[in-house]
Amino acid sequence: MTVESIIEEKLLAAFSPLHLDVINESHQHNVAPGSESHFKVIIVSNNFEGERLIKRHRAINAVLATELAEKIHALALHTYTEKEWHDYYEENTPLSPKCLGGSKKSA
Amino acid sequence: MDTIEKIKEQIAENNILLYMKGSPKLPSCGFSSQASQALMACGEKFAFVDILQNPDIRSELPKYADWPTFPQLWVDGELVGGCDIIMEMYQQGELQTLIKEAAAKQVSE
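Residues numbered from 1 in each chain as written. Chains lettered and ligands numbered in written order. Predicted model: local features only at pLDDT ≥ 70, side-chain atom pairs only at ≥ 80, totals over all residues. Heavy atoms only, no water.

What to know about the packing of aromatic side chains
Residue and element names in this part refer to chain A. Using the criterion set out here, one finds five aromatic pairs over all chains in the structure. Seen in terms of ring centroids, Y80 and Y88 are 5.6 Å apart; in terms of plane orientation they differ by 35°. Their pairing is tilted. For Y80, a relative accessible area of 11% gives the class buried. Its relative accessible area of 36% is what places Y88 among the partly exposed residues. (Phe/Tyr/Trp six-rings, centres within 6.5 Å; stacked < 30°, edge-to-face > 60°. Buried < 20%, exposed > 50% of the residue type's maximum accessible area, 1.4 Å probe, protein only.)

Digging into the pattern of salt bridges
Residue and element names in this part refer to chain B. One pass over the structure, following the stated rule, counts ten salt bridges over all chains. Residue D56 is joined to K6 by a salt bridge in which the shortest nitrogen-to-oxygen separation is 2.9 Å. Separated by 50 residues along the polypeptide, D56 in helix α3 (residues 55–65) and K6 in helix α1 (residues 3–13) bring together distant segments of the chain. You can call K6 partly exposed: its relative accessible area is 27%. Salt-bridge contacts for K100 lead to E44; the nearest nitrogen and oxygen are separated by 3.7 Å. Of this pair, K100 sits in helix α5 (residues 94–108) while E44 sits in the loop between α2 (30–41) and β2 (47–50); the two residues are 56 residues apart in sequence, bridging distant segments of the chain. On the basis of relative accessibility, which here comes to 42%, the residue K100 falls in the partly exposed class. Looking at E44, the relative accessible area reads 28%, which means it is partly exposed. (Salt bridge = Lys/Arg side-chain N within 4 Å of Asp/Glu carboxyl O. Helix = DSSP H or I, 4+ residues; strand = E, 2+ residues; numbered from the N terminus.)

Purely geometric stuff here, so don't read any function into it on its own.
So, in C-alpha coordinates, the structure goes:
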(Lines give C-alpha, C1' and ligand atoms only; values in the text may rest on other atoms or scores of the structure.)
Protein backbone atom coordinates (compact mmCIF):
# COMPACT_ATOMS: atom_id res chain seq x y z
CA MET A 1 0.00 0.00 0.00
CA THR A 2 1.38 3.40 -0.90
CA VAL A 3 1.91 6.07 1.75
CA GLU A 4 -0.49 8.23 -0.23
CA SER A 5 -3.30 5.72 0.07
CA ILE A 6 -2.58 5.10 3.76
CA ILE A 7 -2.91 8.84 4.40
CA GLU A 8 -6.15 8.91 2.42
CA GLU A 9 -7.62 5.92 4.18
CA LYS A 10 -6.77 7.16 7.69
CA LEU A 11 -8.06 10.68 7.07
CA LEU A 12 -11.27 9.42 5.48
CA ALA A 13 -11.91 7.23 8.51
CA ALA A 14 -11.03 9.85 11.12
CA PHE A 15 -12.59 13.03 9.74
CA SER A 16 -15.41 11.97 7.36
CA PRO A 17 -14.28 14.74 5.02
CA LEU A 18 -16.59 16.37 2.49
CA HIS A 19 -13.52 16.86 0.33
CA LEU A 20 -10.04 15.36 0.54
CA ASP A 21 -6.97 15.84 -1.64
CA VAL A 22 -3.75 14.03 -0.83
CA ILE A 23 -1.04 15.20 -3.18
CA ASN A 24 2.43 13.68 -3.38
CA GLU A 25 4.77 16.63 -3.82
CA SER A 26 7.98 14.67 -3.37
CA HIS A 27 9.09 15.32 -6.94
CA GLN A 28 9.47 18.99 -6.01
CA HIS A 29 12.14 18.07 -3.47
CA ASN A 30 15.63 16.70 -3.30
CA VAL A 31 14.66 13.03 -3.08
CA ALA A 32 14.85 9.97 -5.35
CA PRO A 33 12.26 9.69 -8.15
CA GLY A 34 9.13 7.86 -6.99
CA SER A 35 9.64 8.87 -3.36
CA GLU A 36 6.72 9.33 -0.99
CA SER A 37 8.21 11.82 1.43
CA HIS A 38 6.52 15.18 0.89
CA PHE A 39 2.74 15.51 0.89
CA LYS A 40 0.09 18.17 0.77
CA VAL A 41 -3.36 17.54 2.21
CA ILE A 42 -6.42 19.66 1.51
CA ILE A 43 -9.24 18.53 3.75
CA VAL A 44 -12.75 19.86 4.32
CA SER A 45 -14.51 18.49 7.37
CA ASN A 46 -17.13 19.73 9.76
CA ASN A 47 -15.15 18.05 12.55
CA PHE A 48 -13.01 21.22 12.44
CA GLU A 49 -15.93 23.47 13.34
CA GLY A 50 -14.95 25.87 16.14
CA GLU A 51 -11.37 24.58 16.32
CA ARG A 52 -8.29 26.73 15.83
CA LEU A 53 -5.81 25.74 13.14
CA ILE A 54 -3.30 24.36 15.62
CA LYS A 55 -5.88 22.01 17.06
CA ARG A 56 -6.91 20.80 13.59
CA HIS A 57 -3.30 20.18 12.62
CA ARG A 58 -2.60 18.40 15.89
CA ALA A 59 -5.61 16.13 15.29
CA ILE A 60 -4.30 15.19 11.83
CA ASN A 61 -0.74 14.74 13.10
CA ALA A 62 -2.07 12.36 15.74
CA VAL A 63 -3.94 10.24 13.18
CA LEU A 64 -0.82 10.08 10.99
CA ALA A 65 1.70 9.75 13.85
CA THR A 66 3.17 6.46 12.62
CA GLU A 67 3.59 7.68 9.07
CA LEU A 68 5.08 10.99 10.26
CA ALA A 69 7.58 9.15 12.42
CA GLU A 70 8.59 6.61 9.81
CA LYS A 71 7.88 7.85 6.29
CA ILE A 72 6.64 11.38 5.85
CA HIS A 73 9.26 14.11 5.83
CA ALA A 74 6.95 17.06 5.12
CA LEU A 75 3.20 17.37 5.45
CA ALA A 76 1.51 20.57 4.32
CA LEU A 77 -1.99 20.87 5.76
CA HIS A 78 -4.83 23.03 4.52
CA THR A 79 -7.88 22.49 6.68
CA TYR A 80 -11.34 23.95 6.20
CA THR A 81 -14.83 23.59 7.55
CA GLU A 82 -17.60 23.37 4.97
CA LYS A 83 -18.41 27.05 5.45
CA GLU A 84 -14.76 28.17 5.20
CA TRP A 85 -14.31 26.13 2.05
CA HIS A 86 -17.43 27.61 0.54
CA ASP A 87 -16.41 31.16 1.46
CA TYR A 88 -12.90 30.56 0.16
CA TYR A 89 -14.13 29.40 -3.23
CA GLU A 90 -16.73 32.09 -3.43
CA GLU A 91 -13.86 34.58 -3.41
CA ASN A 92 -11.34 32.52 -5.37
CA THR A 93 -13.34 30.61 -7.94
CA PRO A 94 -10.93 29.35 -10.57
CA LEU A 95 -12.46 30.85 -13.68
CA SER A 96 -11.75 29.54 -17.16
CA PRO A 97 -11.16 32.21 -19.80
CA LYS A 98 -13.98 33.27 -22.07
CA CYS A 99 -14.14 32.23 -25.71
CA LEU A 100 -12.69 34.85 -28.00
CA GLY A 101 -14.24 33.57 -31.20
CA GLY A 102 -11.92 30.73 -32.17
CA SER A 103 -12.07 29.65 -35.84
CA LYS A 104 -15.34 31.50 -36.32
CA LYS A 105 -13.77 34.78 -35.34
CA SER A 106 -14.31 37.27 -38.13
CA ALA A 107 -11.16 38.95 -39.33
CA MET B 1 22.40 21.81 30.31
CA ASP B 2 20.06 19.17 29.07
CA THR B 3 18.29 19.79 25.78
CA ILE B 4 14.77 20.13 27.13
CA GLU B 5 15.99 22.69 29.68
CA LYS B 6 17.71 24.59 26.88
CA ILE B 7 14.50 24.57 24.80
CA LYS B 8 12.41 25.76 27.75
CA GLU B 9 14.85 28.57 28.40
CA GLN B 10 14.85 29.68 24.74
CA ILE B 11 11.06 29.70 24.67
CA ALA B 12 10.82 31.57 27.98
CA GLU B 13 13.38 34.22 27.03
CA ASN B 14 12.16 34.97 23.52
CA ASN B 15 8.62 36.20 23.03
CA ILE B 16 8.86 35.56 19.31
CA LEU B 17 10.94 32.53 18.40
CA LEU B 18 11.16 30.59 15.16
CA TYR B 19 12.76 27.15 15.03
CA MET B 20 13.75 26.66 11.41
CA LYS B 21 16.12 25.01 8.97
CA GLY B 22 18.84 27.51 8.12
CA SER B 23 18.47 31.22 8.88
CA PRO B 24 15.97 33.85 7.68
CA LYS B 25 18.67 35.17 5.33
CA LEU B 26 19.79 31.73 4.19
CA PRO B 27 16.93 29.29 4.74
CA SER B 28 17.61 25.62 3.95
CA CYS B 29 14.02 24.56 3.37
CA GLY B 30 11.13 26.05 1.42
CA PHE B 31 8.76 25.85 4.36
CA SER B 32 11.22 27.58 6.69
CA SER B 33 11.82 30.19 4.02
CA GLN B 34 8.12 31.02 3.66
CA ALA B 35 7.60 31.10 7.41
CA SER B 36 10.55 33.41 8.08
CA GLN B 37 9.54 35.74 5.24
CA ALA B 38 6.02 36.11 6.62
CA LEU B 39 7.48 36.76 10.06
CA MET B 40 9.93 39.35 8.72
CA ALA B 41 7.07 41.05 6.89
CA CYS B 42 5.45 41.68 10.28
CA GLY B 43 8.23 44.18 10.88
CA GLU B 44 9.27 43.15 14.40
CA LYS B 45 12.48 41.65 15.71
CA PHE B 46 12.34 37.95 16.34
CA ALA B 47 14.71 35.23 17.51
CA PHE B 48 15.44 32.10 15.54
CA VAL B 49 17.22 28.80 16.12
CA ASP B 50 18.72 26.92 13.18
CA ILE B 51 17.90 23.30 14.01
CA LEU B 52 20.34 22.02 11.38
CA GLN B 53 23.11 23.49 13.57
CA ASN B 54 21.48 22.07 16.69
CA PRO B 55 20.77 18.38 16.14
CA ASP B 56 19.89 17.87 19.81
CA ILE B 57 17.08 20.42 19.55
CA ARG B 58 16.00 18.97 16.23
CA SER B 59 15.49 15.58 17.81
CA GLU B 60 14.01 16.70 21.16
CA LEU B 61 11.74 19.63 20.28
CA PRO B 62 9.16 17.64 18.26
CA LYS B 63 8.54 15.46 21.33
CA TYR B 64 8.42 18.40 23.73
CA ALA B 65 6.14 20.38 21.41
CA ASP B 66 4.10 17.39 20.30
CA TRP B 67 4.61 18.74 16.79
CA PRO B 68 6.44 16.57 14.28
CA THR B 69 7.89 19.06 11.81
CA PHE B 70 9.77 22.33 11.32
CA PRO B 71 9.47 25.29 11.17
CA GLN B 72 7.78 25.96 14.51
CA LEU B 73 6.74 29.42 15.61
CA TRP B 74 6.53 30.05 19.35
CA VAL B 75 4.94 33.25 20.65
CA ASP B 76 4.62 34.11 24.34
CA GLY B 77 5.68 30.61 25.29
CA GLU B 78 3.09 28.89 23.14
CA LEU B 79 3.35 27.02 19.88
CA VAL B 80 1.49 28.92 17.18
CA GLY B 81 2.11 26.34 14.47
CA GLY B 82 4.13 25.49 11.39
CA CYS B 83 4.43 27.02 7.94
CA ASP B 84 0.83 26.51 6.78
CA ILE B 85 -0.64 28.03 9.94
CA ILE B 86 1.82 30.94 9.81
CA MET B 87 0.94 31.64 6.17
CA GLU B 88 -2.79 31.39 6.69
CA MET B 89 -2.66 33.68 9.73
CA TYR B 90 -0.51 36.12 7.77
CA GLN B 91 -2.99 36.19 4.89
CA GLN B 92 -5.84 36.84 7.34
CA GLY B 93 -3.85 39.59 9.06
CA GLU B 94 -3.87 37.66 12.35
CA LEU B 95 -0.14 37.03 12.44
CA GLN B 96 0.70 40.73 12.23
CA THR B 97 -1.53 41.45 15.25
CA LEU B 98 -0.13 38.57 17.27
CA ILE B 99 3.48 39.53 16.52
CA LYS B 100 2.98 43.24 17.20
CA GLU B 101 1.39 42.48 20.57
CA ALA B 102 4.15 40.06 21.52
CA ALA B 103 6.84 42.55 20.48
CA ALA B 104 5.21 45.30 22.56
CA LYS B 105 5.29 42.99 25.60
CA GLN B 106 8.96 42.17 25.07
CA VAL B 107 9.85 45.89 25.04
CA SER B 108 7.84 46.70 28.16
CA GLU B 109 9.29 43.83 30.18
